[in-house]
Amino acid sequence: MIVSAIGIGGIVFCASLAGYKLSRTSGKVSNFLFFLFVASMLVPFHSIMIPLTRMAKELHVQGTSYGLGVIYIGLGVNMAVFLYHGFVKTIPRELEESAEIDGCHPFQTFFQIIFPLLLPITVTIAILDFLWIWNDFLLPLLMLTDENSYTLIISTNKLFGEYHKEWSLILAALVLTAIPVVLIFIFFQHFIMQGIVEGAVKG
């Protein structure tokens, strides 16, 4: 839960600001930066796995849940920027102009007027990233070295021994791991479809 909270919170905060600014700013620099975000989505994780591990070790973020959450922010912000960028285009600019006339600071305009309107796509991004972070196996396996900081997926995998398997514990752990994912998907699946369509198509 710590890893998911840090990752989702950081992704939503950074990507919403970046997507909004890139969408509202016209020019070659803005288009180039947006292109970089989109292009990074095409890079397979296995190709950056070793450099990422070395960088995490040099930055002293390897081996902790907090460091793993920060790494998820960097890996997940590109998709979120793409969705926010398209969704922001559906919001009229007149709202920002009215706020500017009323004397609102740009950050006030964003957090008090624009960000509440981004709720559908924000919920979509939060759900998709939660499913990704919660079910991820490879990255926690590479980054976490202390058994006390293992995620549920890694802890469940440790129950599979080479010569002996505790099936009663394994099945209980799998049910515990699956319950949050199933509940979230059941109750919020309409937000997923709505947010993806509005963020990727309408823009």
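Each chain carries its own residue numbering, running from 1 in the direction its sequence is written. Given that this is a predicted model, residues contribute local features only at a pLDDT of at least 70 and side-chain atom pairs are listed and counted only at 80 or more, while totals for whole chains, interfaces and linings are drawn from all residues. Here the side-chain values reflect all heavy atoms present in the structure, with hydrogen atoms and water set aside.

Draft legend 1. Molecular detail of the overall build of the protein chain. Counting its regular elements, the protein chain contains 10 helices and zero strands. For helices the rule is a DSSP run of H or I covering at least 4 residues; for strands it is a run of E covering at least 2, with both sets numbered from the N terminus onward. Each helix and strand of the protein chain, ordered N terminal to C terminal, gives the series α-α-α-α-α-α-α-α-α-α. Along the first, second and third principal axes, the C-alpha set of the protein chain runs to 70 × 40 × 30 Å. With a 1.4 Å probe rolled over the protein chains alone, any residue whose accessible area is under 20% of its type maximum counts as buried; one over 50% counts as exposed, and the rest are partly exposed. Within the protein chain, the proportion of its 203 residues that are buried is 36%. Sequence separation of 24 or more characterises 78% of the internal contacts of the protein chain that already satisfy a separation of 6 or more. Positive charges come from Lys and Arg, negative ones from Asp and Glu, while His and the chain ends are left out of the count. In this description, the location of a charge corresponds to atom NZ of lysine, CZ of arginine, CG of aspartate or CD of glutamate. Each charge class in the protein chain can be summarised by its mean position, and for the 10 positive and 13 negative side chains these summaries are 9 Å apart. The contact criterion used throughout is that any non-hydrogen atoms of two residues lie within 4.5 Å.

Draft legend 2. Broad picture of the nonpolar core. To define a nonpolar core, start from buried Ala, Val, Leu, Ile, Met, Phe, Trp, Tyr and Cys residues and group those joined through side-chain atoms within 4.5 Å. Formed by 39 residues in total, the largest nonpolar core has its most connected members in Leu68, Tyr84, Leu118, Ile121, Ile125, Leu139 and Met143. Listed by contribution, the elements that provide at least two residues to this core are α1 (2-24), α3 (45-58), α4 (65-88), α6 (106-117), α7 (119-135) and α8 (138-143). For Ile125, the residues in contact, after removing those within four places along its chain, are Ile11, Ala80, Leu83 and Tyr84.

Draft legend 3. Highlighting the packing of aromatic side chains. Each Phe, Tyr or Trp ring, with Trp reduced to its six-membered ring, pairs with another whose centre is within 6.5 Å; inter-plane angles below 30 degrees give stacked pairs, above 60 give edge-to-face pairs, and intermediate values give tilted ones. Across all of its chains, the model carries eight aromatic pairs by this definition. On the numbers, 6.3 Å between centres and 15 degrees between planes, the contact of Phe13 with Phe111 is stacked. Pair noted here: Phe13 is in helix α1 and Phe111 is in helix α6, with a separation of 98 residues, a long-range link. On the basis of an interplanar angle of 50 degrees and a centroid distance of 5.9 Å, the ring pair of Phe110 and Phe115 is categorised as tilted. Note on Phe110: relative accessible area 2%, which makes it buried. Site record: aromatic cluster; members linked through ring pairs are Phe13, Tyr20, Phe107, Phe110, Phe111 and Phe115.

Draft legend 4. The packing of α1 against α7, seen in detail. Closest axis-to-axis distance for the α1/α7 pair is 10 Å, and the angle between their directions is 145 degrees. Regarding α1 and α7, the two cross each other, and that crossing is right-handed. Touching Val3, Ser4, Gly7, Ile8, Ile11 and Val12 of α1 are Thr122, Ile125, Ala126, Asp129, Phe130, Trp132, Ile133 and Trp134, all from α7. Asp, Glu, Lys and Arg are counted as charged, while Ala, Val, Leu, Ile, Met, Phe, Trp, Tyr, Cys and Pro are counted as nonpolar; the rest, among them Gly, fall into the polar class. Its residues assigned to classes, the contact of α1 with α7 shows 10 nonpolar, three polar and one charged. Fitted lines through C-alpha atoms give the axes, limited to the stretch in contact for helices. The angle between two N-to-C directions lies from 0 to 180 degrees. A crossing counts as left-handed when the near helix is turned anticlockwise from the far one by less than a right angle, and as right-handed when that turn is clockwise.

Draft legend 5. Up close: the side chain of Thr151. Along the chain, the position of Thr151 falls in the loop between α8 and α9 (152-157). Residue classification places Thr151 among the buried residues on the basis of a relative accessible area of 18%. The residues touching Thr151, leaving out its near neighbours within four places in the chain, are Leu68, Pro140 and Leu144.

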